[in-house]
Amino acid sequence: MATMEECRSALDKLSDNLAQADDDGVRGAASLDRSLSCHITDLDVTFTGRLADGRIDVRDTFDGPPRERAEIRLAMTGDDLVALVGGELNFARSWASGRVRLEAGFRDLIRLRKLL
């Protein structure tokens, strides 16, 4: 089972990957300015912050599910987060099977599909 530190590191790596994206579609999707939460279900911890300027800025971490409804909401196990960021887990298949949950407004989902 991934630790909280490994999950935080994975989010930082994802942020770095977004910032270095060369593809115009990815850069456009990453340029959203939205509140973000990522609930790590097996650790029962939530990271909150913003997706802005092509980066994920994690601002807070707390125990339990998200306290407020973020505009972009992710939920998965810590191992799945680490595997997704490491390229070992396919996001589309994981999302379709319910292994990874992503909730956002319809327009945001259309733009985010380029990221994931």
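Please refer to the structure higher up on the page.
As the structure is a computational prediction, the values presented were derived from the model and not from experiment. (Residues numbered from 1 in each chain as written. Predicted model: local features only at pLDDT ≥ 70, side-chain atom pairs only at ≥ 80, totals over all residues. Heavy atoms only, no water.)

(A) Examining the sheet that holds strand β5 (residues 101–104) more closely. Across the sheet, 5 strands lie side by side as β3-β2-β1-β4-β5; this open sheet has mixed pairing. Edge strands, defined here as strands with exactly one partner in the open sheet, are β3 (55–63) and β5. Direction aside, neighbouring strands of the sheet carry axes that sit 20 degrees apart on average. In this structure, strand β2 (residues 45–52) lies alongside β3, joined through 8 bridges in antiparallel fashion. Residue pairing for β3: V45 is matched across the bridge by D63. On the sheet, helix α1 (residues 4–19) packs against β1 (34–40), β2 and β3 and is oriented at approximately 165 degrees with respect to β3. Helix-sheet contacts for helix α3 (residues 78–85) involve β1 and β4 (72–76), and the interaxial angle to β4 is about 110 degrees. (Pairing = 2+ DSSP bridges. Helix = DSSP H or I, 4+ residues; strand = E, 2+ residues; numbered from the N terminus. Axes fitted to C-alpha atoms, helices over the stretch in contact; angles between N-to-C directions. Contact = heavy atoms within 4.5 Å.)

(B) Seen up close, α3. Across the 8 residues of α3, 6 count as buried, placing the element largely inside the fold. Within α3 the residues assigned to the buried category are G78, D80, L81, A83, L84 and V85. On its buried face, α3 sits against α1, β1, β4 and α4 (91–97). Positive phi appears at G87, one or two residues downstream of α3, with a value of about 80 degrees. (Buried < 20%, exposed > 50% of the residue type's maximum accessible area, 1.4 Å probe, protein only.)

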